[in-house]
Amino acid sequence: MKCIGEIKEQLQAACENELPEFIRIYGADSRAGVQKLVETARKRQDALDRERQRIEGLRVYEERYKEYAYICGIDEVGRGPLAGPVVAGAVILPRDCRILYINDSKQLSEKKREELYEVIREQAVAWAVGYATPERIDEINILQATYEAMREAVGKLDPKPDLLLNDAVTIPGISIRQVPIIKGDAKSLSIGAASILAKVTRDRLMQEYDKAFPGYDFAGNKGYGSAAHIEALKRLGACPIHRKSFIGNFVEI
């Protein structure tokens, strides 16, 4: 008979699909310590079942349009910051995809986003990101630059999508059928995946910019207008990745 410490280690090492067997094996063990571990396993299993149900709910649009071979989710990150690019993500997931924990990227921890970023790239049929630089944002405005980044991301995909699920917007200049979904990153698995790709890509870029342009804490604020960022902007002036059309209230352009 295994000691309770060994059983605890077994539970800690158990992956998700091993939980039912753990519960079956140790459910009849009368030791109080083992029963506490079994209860912990049951709670993990219950949480996993709820997550699977949530993911099924995120597949409603993918199921509604299942006659399309390649459904692409698309979302952007970075429309609001004072500095850095806007980044769009585009993802075609497999038809039967059920990657757990996908959600609006803003609802996830940085660690979970990083984990899902790798899983999404590994499992996707196709994925891509598009960019619009600060200079381009200043030149054509943030909305048009966002559309441009989205078109770039979609244009990189192979195979080409035959349906776009978009977070809220309809992208001009694209002949593919589009379905705009308000708060789509929290309602569609494909859009949620795109938002994670875009967010992780942009966050990593801002961490690199922090090294190139120290003093603004781009690694921390990601270019958004935090109090410390605005104070640094007033003290140091604008750097090459600041959006001139966004910072006129804080410094002379």
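Whatever comes next refers back to the structure up there.
Bear in mind that the values here come from a model prediction, so they are computed numbers and not experimental data. (Residues numbered from 1 in each chain as written. Predicted model: local features only at pLDDT ≥ 70, side-chain atom pairs only at ≥ 80, totals over all residues. Heavy atoms only, no water.)

### Some remarks on the nonpolar core
The line we're drawing: Residues enter a nonpolar core if they are buried and are Ala, Val, Leu, Ile, Met, Phe, Trp, Tyr or Cys, with the set joined through side-chain atoms within 4.5 Å. Note on exposure labels: buried denotes an accessible area under 20% of the residue type's maximum, exposed denotes more than 50%, and partly exposed covers the range between, all computed with a 1.4 Å probe on protein chains only. By the criteria applied, helices consist of DSSP H or I runs no shorter than four residues and strands consist of E runs no shorter than two, each listed in order from the N terminus. The contact rule is simple, with two residues in contact once any of their heavy atoms fall within 4.5 Å.
Membership of the largest hydrophobic core comes to 22 residues, with the highest contact counts inside it found for Leu157 and Ile171. Elements with a minimum of two residues in this core: strand S1 (71–77), strand S2 (86–92), strand S3 (126–132) and helix H7 (142–156). Here this core gets 7 residues from one element, more than from any other, and that element is H7. Beyond its immediate sequence surroundings of up to four residues, Ile171 is in contact with Ile74, Tyr147, Met150, Arg151, Leu164, Asn166 and Gln178. Counting 20 residues, the second-largest nonpolar core is a separate cluster that includes Ile55, Ile102, Ala124 and Ile196.

### Side note on the side chain of Thr146
We count it as follows: What qualifies as a polar contact is a pair of N or O atoms within 3.5 Å, subject to a donor-acceptor requirement within protein and to the restriction that residues adjacent in sequence count only when both atoms come from side chains.
On the secondary structure map, Thr146 appears in helix H7. Looking at Thr146, its side chain comes within polar contact range of the main-chain oxygen of Ile142, at 2.8 Å. Non-local contacts of Thr146, meaning those with residues more than four positions away in its chain, are made with Glu76, Arg79 and Val86.

### So, the pairing of S2
Defined as follows: Two strands pair under a simple rule: DSSP has to find at least two bridges between them.
Buried residues dominate S2, accounting for 7 of its 7 residues. Side-chain alternation along S2 places Val86, Ala88, Ala90 and Ile92 on one buried face and Val87, Gly89 and Val91 on a second face that is also buried. By the bridge criterion, 6 bridges tie S1 to S2 in an arrangement that is antiparallel. Each bridged residue has a counterpart across the sheet, and for Cys72 the counterpart in S2 is Ile92. Sheet topology places S2 next to S3; 7 bridges connect them, and they run antiparallel. Looking at the pairing, Ile92 lines up with Ala126 of S3.

### Thoughts on the packing of aromatic side chains
Filter applied, for reference: Only rings of Phe, Tyr and Trp enter the pairing, Trp through its six-membered ring, and a pair is recorded when the two centres are within 6.5 Å. The plane angle decides the type: under 30 degrees is stacked, over 60 is edge-to-face, the rest tilted.
Scanning the entire structure with this criterion turns up 4 aromatic pairs. For the pair Phe22 and Tyr26, a centre-to-centre distance of 4.9 Å together with 50 degrees between the ring planes defines the contact as tilted. Placement of the pair is Phe22 and Tyr26 together in helix H2 (residues 19–26), with a separation of 4 residues, close to one helical turn. For the pair formed by Phe22 and Tyr26, the shared burial category is buried. Ring geometry for Tyr216 and Phe218: centres 5.2 Å apart, planes at 15 degrees, overall stacked.

### Remarks on unusual backbone geometry
Omega for the peptide link from Asp158 to Pro159 comes to 10 degrees, which places this bond in the cis form. As for its position among the elements, Pro159 is in the loop between H7 and strand S4 (163–167). Phi angles above zero are rare outside glycine, and Asp217 is one such case at about 60 degrees. By the element assignment, Asp217 lies in the loop between helix H8 (189–212) and helix H9 (218–221).

### Notes on the sheet that holds S3
Filter applied, for reference: As a rule, the C-alpha atoms of each element are fitted with a line to give its axis, helices using only the stretch in contact, and angles between N-to-C directions run from 0 to 180 degrees.
What the 5 strands build is an open sheet, ordered S3-S2-S1-S4-S5; its pairing is mixed. Looking at the sheet topology across the chains shown, the edges are occupied by S3 and strand S5 (177–181). Taken over all neighbouring pairs, the strand axes of this sheet differ in orientation by 20 degrees on average, direction set aside. In this structure, S4 lies alongside S5, joined through 5 bridges in parallel fashion. If you follow Leu164 over to S5, its bridge partner there is Gln178. Across the sheet, H7 is in contact with S1, S2, S3 and S4; its angle to S3 comes to roughly 150 degrees.

### Details of the environment of Ala83
You can see Ala83 is positioned in the loop between S1 and S2. Look at Ala83 and you get buried, because its relative accessible area is 0%. Residues Ala83 and Pro159 lie 76 residues apart in sequence; the distance between their C-alpha atoms is 33 Å. Apart from the residues lying within four places of it in its own chain, the contact partners of Ala83 are Arg202, Met206, Phe218, Lys222, Gly223, His229, Ile241, His242 and Arg243.

### Some points on the pairing of S1
A regular strand places its side chains so that they alternate between the two faces of the sheet. Where burial is concerned, most of S1 is hidden: 7 out of the 7 residues are buried. Burial of the side chains of S1 extends over both faces: Ile71, Gly73, Asp75 and Val77 are buried on one face and Cys72, Ile74 and Glu76 on the other.

### As for the pattern of salt bridges
Our working definition: Salt-bridge detection follows one rule: a side-chain nitrogen of Lys or Arg within 4 Å of a carboxyl oxygen of Asp or Glu.
What the rule picks out here adds up to 20 salt bridges. Two residues, Glu21 and Arg24, come together in a salt bridge whose shortest N-O distance is 2.6 Å. Here Glu21 and its partner Arg24 are both found in helix H2, 3 residues apart, which amounts to about one turn of the helix. The class of Glu21 is partly exposed, set by a relative accessible area of 38%. According to the relative accessible area criterion, Arg24 is exposed, its value standing at 57%.

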